[in-house]
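Notes for the structure review
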Amino acid sequence: MRVGQKNKLTYRWARKGSRPRAVHDQRTQSTYLFGAVCPERGTGAALVLPACNSEAMQLHLDEIATKVTPGAHAIVLLDQAGWHGAKALKVPSNISLLLPNSTAKKTSGSSCVKIGLSNRIFKSFDNIVDHCCYAWNTLIDQPWKIMSIARREWASVGYSM
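These numbers were taken from a predicted model, which means no experiment stands behind them. (Residues numbered from 1 in each chain as written. Predicted model: local features only at pLDDT ≥ 70, side-chain atom pairs only at ≥ 80, totals over all residues. Heavy atoms only, no water.)

With respect to helix α1 (residues 54-67)
With 14 residues, α1 should cover 20 Å at 1.5 Å per step; its first-to-last C-alpha distance of 20 Å lies within 8% of that length. Restricting attention to buried positions, one finds in α1 the residues Ala-56, Met-57, Gln-58, His-60, Leu-61, Ile-64 and Ala-65. In the core, the buried residues of α1 are packed alongside β2 (30-38), β3 (43-49), β4 (74-77) and β5 (95-98). Between the side-chain oxygen of the N-cap and the backbone nitrogen of Glu-55 there are 3.2 Å, and the N-cap of α1 in question is Asn-53. (Helix = DSSP H or I, 4+ residues; strand = E, 2+ residues; numbered from the N terminus. Expected span 1.5 Å × (residues − 1). Buried < 20%, exposed > 50% of the residue type's maximum accessible area, 1.4 Å probe, protein only. Contact = heavy atoms within 4.5 Å. Polar contact = N/O pair within 3.5 Å; in protein donor to acceptor, adjacent residues only side chain to side chain.)

Structural data, given as structure tokens:
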């Protein structure tokens, strides 16, 4: 997910009938948080990278591969992003890539991570990276939250990261 200045405004809790204000930055620095979670173990792997392309996806797959339990096999759900299916990708042997159908939606920690990253003004690029790392580490420190959000009946086939 892209994180940075020129952020999107998100919904917030407020009294009925009120119109709460939220900050909106017009600057354009950003970075990308590549994250994957294991719903069975409540763990994950992530990288904060300056670009979103096939090279970044390769680094992300390599990082995920290092977190897969020895002897286990990970299934990584993808969306239609061009770099997800790039021919240049070398998928590690302990990972399979899956393009979900309409009943199997991509699930990640992004909904949890966004909580700490939306509706804010970042001071600098380094500040964006720091906030991404903090938000991801906060999510990883709560395995029960990962399990709650990411676990799906159709996906419980006995694999783990």
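Further notes follow.
Description of the pattern of salt bridges
Scanning the model with the defined rule gives one salt bridge in all. Glu-63 is paired through a salt bridge with Lys-67; the nearest N and O atoms lie 3.8 Å apart. One end of the pair, Glu-63, and the other, Lys-67, are both in helix α1, four residues apart, so they sit about a helical turn from each other. A relative accessible area of 40% places Lys-67 in the partly exposed class. (Salt bridge = Lys/Arg side-chain N within 4 Å of Asp/Glu carboxyl O.)

Notes on helix α3 (residues 125-140)
Taking 1.5 Å per residue, 16 residues should reach 22 Å; α3 reaches 23 Å between its end C-alpha atoms and fits that length. Within α3, burial applies to Asn-127, Ile-128, Cys-132, Ala-135, Trp-136 and Leu-139. Down the axis, α3 shows its buried residues gathered within 165° of arc, on one side only. In α3, the exposed positions angled more than 90 degrees off the buried face are occupied by Asp-126, Asp-130 and Tyr-134. (Arc of directions from axis to C-beta.)

Quick look at the environment of Arg-151
The residue Arg-151 is located in the segment after α4 (143-150) in this model. Along the backbone, Arg-151 and Cys-38 are 113 residues apart, and their C-alpha atoms lie at a distance of 8.4 Å. Those residues in contact with Arg-151 that sit more than four places away from it in its chain are Pro-39, Glu-40 and Ile-146.

Concerning the confidence of the model for the protein chain
Chain-level pLDDT for the protein chain is 79 on average; 70% of the residues reach the 70-or-more range. Within the protein chain, the element-level pLDDT minimum falls on helix α2 (residues 110-115), averaging 58, and the maximum on α1, averaging 94. Within the model, pLDDT remains below 50 along residues 157-161, and this stretch shows 21 contacts once partners closer than five positions in the same chain are excluded. (pLDDT = per-residue confidence, 0-100.)

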